[in-house]
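Per-entry structural report
The residues making up each chain are set out below.
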Amino acid sequence: MSKITIITVNFNNLEGLKKTAESVLSQTYKDFEFIIVDGGSRDGSKEYIEEISDNVTLWVSEPDSGIYNAMNKGIKMAKGDYICFLNSGDIFFDENTLNSVANQVDGEVGIYYGDMIWNEKRRRRLIQVPEMLTYPYVLSHGVNHQSCFIKRSLFEEFFFYNEEFKIIADWEFLLYVIFKKNILTKHLGITVCIYDATGISSVGKNQRAIYDDRQIVIDRHFPLYNFNPEAIKTLTEKRGKQFLYIKKHRIAYRVLKWCMSLILIFLPERNFKND
């Protein structure tokens, strides 16, 4: 059976760290590594890690240059066959999550992924990921790393997270290894985690930076495709969501959603503000 490593990155988020650590340590499945990479927090996080250190495989608390620098530190510390990043504030869906995952992970697949619950202050919503990942879907939606179990050797074979990016390096990695290197993926068929949607990538003011960085990735790895952030923004507004999430006829819905994703790639540049 493949070994799983859980990596938690934290910086000055003591309450979130406690939630995550309690979720990890309460798992009924116990044969996993638990690594905490703290960025030199001054809010009591280091002291809390010291308190639970007997239940933590490895930990470090020192300054870093950003979240992906911290995540790369965790990867280099890990010994497990598969890595899941459950950052401070994120939790597993329930205490049996890792047991369900471990029963499916066999070492033959590069990336296992599941569904997740998007947890905002005022509401929760289930994010269901397709059984088969398509380029248009990952391009426009991505797959949250909190719900992924990534074979550790992929980082050594291809590259670690690109630290020049502040938000989308995990998106670049998945897009590259799945669609450039054709790494095998598999849907776990379970809800893996509850994602804390107050993080940096979820803040509205960061969306323009995300779009710009994604364009850099497309130009670098998939130069023949046109990434149109304004089109994506328009199609994901409230009315677009209502249209795309009509699930009365599930087959037609999936076909329609896939076709709309293709439009995002080939739609010519337009000035939507003047429409």
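The notes below deal with the structure included here. Quick caveat, the model's predicted, so the values are computed rather than measured.

1. With respect to the nonpolar core
- In terms of nonpolar packing, the biggest core is built from 43 residues, with I150 and Y161 touching the most fellow members.
- Looking at this core element by element, the count peaks at eight residues for helix α7 (residues 169-179).
- Not counting the four nearest positions on each side in its chain, Y161 is found in contact with Y68, M71, N72, I75, F85, I150, F155, A169, D170 and F173.

2. Notes on the environment of I4
- In this fold, I4 is placed in strand β1 (residues 4-10).
- When the C-alpha atoms of I4 and D81 are compared, they prove to be 5.9 Å apart, with 77 residues separating the residues in sequence.
- Residue contacts for I4: discarding those within four places in its chain leaves F32, E33, Y82, L98, V101, A102 and F149.

3. Concerning the packing of aromatic side chains
- Summed over the entire model, instances satisfying the criterion amount to 13 aromatic pairs.
- Seen in terms of ring centroids, Y135 and F222 are 5.1 Å apart; in terms of plane orientation they differ by 55°. Their pairing is tilted. In this pair, Y135 sits in helix α5 (residues 135-140) while F222 sits in the loop between α8 (207-221) and α9 (229-235), placing the two residues 87 residues apart along the sequence.
- Owing to a relative accessible area of 8%, F222 belongs among the buried residues under this scheme.

4. Section: the state of the cysteines
- On inspection of all chains with the given rule, the structure shows zero disulfides.
- There is no disulfide at C84, and the cysteine sulfur nearest it, in C193, is 7.0 Å away.

5. Things to note about the side chain of N72
- Topologically, N72 is positioned in helix α3 (residues 67-77).
- For N72, a relative accessible area of 3% gives the class buried.
- Separated by 2.9 Å, the side chains of N72 and E163 make a polar contact.
- Contacts of N72, omitting those with residues within four sequence positions, involve F160, Y161 and E163.

6. As for α7
- For α7, the buried fraction is high: 10 of the 11 residues fall into the buried class.
- Within the sequence span of α7, burial applies to A169, D170, W171, E172, F173, L174, L175, Y176, V177 and I178.

Quick notes on the rules
- Each chain carries its own residue numbering, running from 1 in the direction its sequence is written.
- Local features in this predicted model are restricted to residues of pLDDT 70 or higher, and side-chain atom pairs are both shown and tallied only at a pLDDT of 80 or more, whereas totals for entire chains, interfaces and linings draw on every residue.
- Calculated side-chain values reflect all of the structure's heavy atoms, with hydrogen atoms and water omitted.
- The criterion is simple. A nonpolar core is a set of buried Ala, Val, Leu, Ile, Met, Phe, Trp, Tyr and Cys residues joined through side-chain atoms within 4.5 Å.
- Relative accessibility thresholds used throughout: buried, under 20% of the residue-type maximum; exposed, over 50%; partly exposed, between the two (1.4 Å probe, protein chains only).
- The helix and strand labels rest on DSSP assignments: H or I over at least four residues marks a helix, E over at least two residues marks a strand, and numbering proceeds from the N terminus.
- Working rule for contacts: check all heavy atoms of both residues, and any pair within 4.5 Å makes them a contact.
- Geometry of aromatic contacts follows a simple scheme: Phe, Tyr and Trp rings, the Trp one being its six-membered ring, pair when their centres are within 6.5 Å, and the pair is stacked under 30 degrees between planes, edge-to-face over 60, tilted otherwise.
- Any cysteine sulfur atom paired with another within 2.5 Å is treated as part of a disulfide.
- Polar contact criterion, stated in full: a pair of N or O atoms within 3.5 Å, where within protein one must be able to donate a hydrogen and the other to accept it, and residues adjacent in sequence count only if both atoms are side-chain atoms.

Function cannot be inferred from these measures alone, as they are strictly geometric.
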